[in-house]
Amino acid sequence: MYPRRKAVRARDLLSPEVSAAIRASSVGRPPGSVALGVVAPRNRLFLYMALCLPGGARPIGRARRTWTMRKLWVAPVMAAAALMTAPRPAEACGGFFCGRQPVDQTAERILFATNQDGSVTMVTQIQYAGAAPDFAWVVPLAEVPAVESLAVFPQLALTALDSATGPQFQWPDDPSCYPAFPEAAGGGPTADGTDDGDVTVHIREEVGPYDVAVVESTDPAALIGWLRDNNFRVNDAMAPYIGIYTSEGMKFLALRLQPDAAVTDIQPFRFTLPSGSPSIPIRLTAIAAEPEMGITVMILGDRRYGPANWPDVEIDDNQIVWSANQWPVQTNWTALVARGVDEAGGRGFVTEMSGPTAGIAEQVRNTMSSDEQQVAARDALLPLLEGNATITRLYTRLSPEEMTVDPIFRRTDGPVVSNTRLLPRYVDDRDLCVAPGAEAAGAASPCDFAACGAGGLCRVVEGVGGTQPVAACACVPGTTARTTFDPSGRPTVTCQDLRMSFLNPGDRALPDAPPLADPCATFDCGANGECVPMNMTPTCRCSTGYVAVGAIAADGSRATTCVLPDEPVPASFYDRRVPQLPDSLPGGRPVDVPPPAVAAASGGCNAGGHAGSAVGLSGALLGLLVAARRRRRS
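Residues numbered from 1 in each chain as written. Predicted model: local features only at pLDDT ≥ 70, side-chain atom pairs only at ≥ 80, totals over all residues. Heavy atoms only, no water.

> I keep staring at the pattern of salt bridges and nothing clicks. Help me out?
When their charged atoms lie close together, side chains carrying opposite charge are able to pair. Within the structure shown, the criterion is met by 23 salt bridges. R411 is the partner of D302 in a salt bridge, and the nearest nitrogen-oxygen pair spans 2.9 Å. One end of the pair, D302, is in the loop between β16 (293-301) and β17 (305-307); the other, R411, is in strand β22 (residues 409-411), with 109 residues separating them in the sequence. For R411, a relative accessible area of 44% gives the class partly exposed. With a closest N to O distance of 2.7 Å, R499 and D497 form a salt bridge. Residue classification places R499 among the buried residues on the basis of a relative accessible area of 16%. Linked by salt bridges that have partners in common, R109, D162, E352 and R393 make up one network. (Salt bridge = Lys/Arg side-chain N within 4 Å of Asp/Glu carboxyl O. Helix = DSSP H or I, 4+ residues; strand = E, 2+ residues; numbered from the N terminus. Buried < 20%, exposed > 50% of the residue type's maximum accessible area, 1.4 Å probe, protein only.)

> Would you mind showing me how to read the environment of A380 here?
Structurally, the position occupied by A380 is in helix α8 (residues 372-386). The exposure class of A380 is buried, given its relative accessible area of 17%.

> Could you clarify how one ought to interpret the nonpolar core in this entry?
Across soluble globular proteins, you tend to see nonpolar side chains buried next to one another. Membership of the largest hydrophobic core comes to 84 residues, with the highest contact counts inside it found for L253 and F269. In contact with F269, not counting residues within four places along its chain, are M122, V123, T124, I126, L150, A151, V207, Y210, V212, L253 and L255. Core analysis: the second largest hydrophobic core is formed by 20 residues, V123, L158, M298 and A380 among them. (Core = buried A, V, L, I, M, F, W, Y, C linked by side-chain atoms within 4.5 Å. Contact = heavy atoms within 4.5 Å.)

> Honestly, the side chain of S354 in this entry has me stumped. Any pointers?
The topology assignment puts S354 in strand β20 (residues 350-356). Looking at S354, its side chain comes within polar contact range of the side chain of T392, at 3.2 Å. (Polar contact = N/O pair within 3.5 Å; in protein donor to acceptor, adjacent residues only side chain to side chain.)

> For this particular structure, what's the right way to read the state of the cysteines?
Structurally, a disulfide amounts to a covalent bond that connects the sulfur atoms of two cysteines. Summed over all chains, the structure comprises six disulfides. The disulfide partner of C520 is C531, and the gap between their sulfur atoms is 2.0 Å. Its torsion about the S-S bond being -70 degrees, the disulfide of C520 and C531 is classed as left-handed. With a gap of eleven residues between them, C520 in the loop between β29 (491-497) and β30 (529-534) and C531 in strand β30 connect regions that are remote in the sequence. Disulfide pairing places C542 opposite C562 at an S-S distance of 2.1 Å. Every disulfide takes its handedness from the sign of the S-S torsion; for C542 and C562 that torsion is -80 degrees, giving left-handed. You can see C542 sitting in strand β31 (residues 537-542) and its partner C562 sitting in strand β33 (residues 558-563), a full 20 residues away along the chain. On the basis of relative accessibility, which here comes to 5%, the residue C562 falls in the buried class. (Disulfide = S-S within 2.5 Å.)

> What should I look at first to understand the side chain of T390 in this one?
By the secondary structure assignment, T390 is in strand β21 (residues 390-398). In contact with T390, not counting residues within four places along its chain, are I299, L300, G301, D302, R303, R304, S354, G355, P356 and T357.

> Would you mind going over the packing of helix α7 (residues 358-365) against α8 with me for this structure?
For any two helices packed against each other, one specifies the inter-axial angle together with the distance between the axes. Two numbers describe how α7 lies on α8: the axes approach to 9 Å, and their chain directions differ by 155 degrees. Taken as axis vectors, α7 and α8 run roughly antiparallel relative to one another. Both α7 and α8 take part in a crossing whose hand is left-handed. Seen from α7, the contacting residues are I360, A361, V364 and R365; seen from α8, they are R378, L381, L382, L385 and E386. Looking at the contact of α7 with α8 residue by residue, the class counts come to six nonpolar, no polar and three charged. (Axes fitted to C-alpha atoms, helices over the stretch in contact; angles between N-to-C directions. Parallel < 35°, antiparallel > 145°, perpendicular 65-115°, else oblique. Left-handed = near helix turned anticlockwise from the far one by under 90°. Nonpolar A, V, L, I, M, F, W, Y, C, P; charged D, E, K, R; others polar.)

> Just to check I follow, could you spell out the pairing of β29 for this structure?
A regular strand places its side chains so that they alternate between the two faces of the sheet. The buried count for β29 comes to six of seven residues, which makes it a mostly enclosed element. Taking the residues that link successive antiparallel strands as the turn, the strand β28 (residues 479-485)-β29 hairpin has five residues, and the phi of G489 there is positive, at about 90 degrees. (Pairing = 2+ DSSP bridges.)

> Help me out: how do you make sense of the confidence of the model for the protein chain in this one?
Atomic detail in the predicted coordinates should be set aside for any region of low pLDDT. Here the protein chain averages 78 in pLDDT, and 71% of its residues register 70 or above. Of all the helices and strands in the protein chain, helix α2 (residues 71-85) carries the lowest mean pLDDT, 31, while β20 carries the highest, 97. Predicted confidence is poor over residues 24-34, with pLDDT under 50, and the contacts of this stretch with residues over four places away or in other chains come to 23 contacts. Segment residues 179-191: pLDDT under 50, and 40 contacts once partners within four positions in sequence are set aside and those in other chains are kept. (pLDDT = per-residue confidence, 0-100.)

> Explain the pairing of strand β8 (residues 137-141) here, please?
Summarising burial for β8: five of the five residues are buried, a large majority. The alternating pattern of β8 places W137, V139 and L141 and V138 and P140 on opposite faces, both of which are buried. One ladder, built from five bridges, connects β8 with strand β14 (residues 251-257); its direction is antiparallel. Across the sheet, V138 pairs through a bridge with A254, a residue of β14.

Below, the structure written as structure tokens:
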């Protein structure tokens, strides 16, 4: 006998799982078409019909939900749904690994899993753009990882977990808002350590596309020499940082691509340390990181985790500005995190989510797909989820000059933190509930979504040729404007500390390499700007009163231009100065900055207003992440 069914309103079914399925069903379908589908979260079967709109699919009519599932009944329904939707083979998708909530496209991602025997498994994403022979990834470790634990990890699994735990934003609970939009958002092991002169080689392995080594030495020069002799690319700028970690007794895990491997073969890397707390050695990363870089840390354990030596930064949801003219909804969440960490002194993490793993594990376990990549992702992720009761997600945005202390994470008390946030209709007396295409006084400004960095100030610049206004950045003395990517992949500008340039024109990347050419030779900042190379990337130092606007061409080349803003930059802004670098973070080059005409009343360099955005790692060194010194939110 068929189970009883109860008719419910479609809007009542918009759990994150169902919303994600409805959105995925509209991908590639023309506006006005109808998508039919089925999804089975928490052992309940949902059949839905959705109208495909330009911004995504919206449920229509009355959906049917069954309160129980019987195998003999589910099979024909699933078969019927498959016939109705009839997706093309390339569109086949397995639930948890389908397109879900948008993620920070530029963030570094690290996953920790604490194991019952006290060991810690670490999975880290590796981002790289360049030639395969130039690739090198070097990270300090407190202990030698278990050789049998060295493995690659599916990128799809890491990306899907990031998406499932990331912030999700719900529209204001007001039916008069934007009615045209949906009602919810949804080889064999080597022997033990061998001596190679003054360097101990703990591990030398081939793992996937990588040539892997774990080495140790009390002599940093000997260690650098060994890495170079074995074709691990280490430039001179890395030497002071390797010296710091060597003096602390750290080991070094080094990866390079095997001779027959391509850049497209790069995958996340997994290893397990015998003991200790989850931690990120970020100081070495300062050499290659772009400014305002996003870092996502996911920790699986028996309880909630938090930073042990960094502050917790809290974000007021009532300050989330959003734009109703985009789908998925655009918010200033990442900009708020950047400013919050700046206010905390450049060092801090926001807890975006903390809760039980059971629901996520069930979604992964119930993934039905014949796609080999999705099956591999499921099989890699599920044991980690099932072995831990709680997952905590932490997020921060940092610049190189803020990477002074390696963050350590520990168990902590605290309530469950939902990753779902209700968007406010009003922010600082501004009504953000504007109909699509309409204009209203006090609506969202481009500067709401920008973060110019601790040494920057955002100003709006009218678009050229009728284009939309854009955010631009004024930078304090001692900094320069660098065009990079914001978390959504769009061009943005961030003010970067001039001292954090480790490779400059005339330097040699390696001792036997030719001198580096000046990237500013063919770069134009406009009549009111001066090009300054930062780690062989052209940036612009704008004249007083001017702001930098960034653009990225189709071929990936970056442009930065100094222009006048709509609203003047106050003269007092240029009296601010960047702080002195600590001894724990050696600078790249000396920079002479004249003293301010009047001492800044705030005593700091945070420009206030709206600050900058972040981008992922680039260059030969791909370390782990970045961290910071910013002032804590009061």
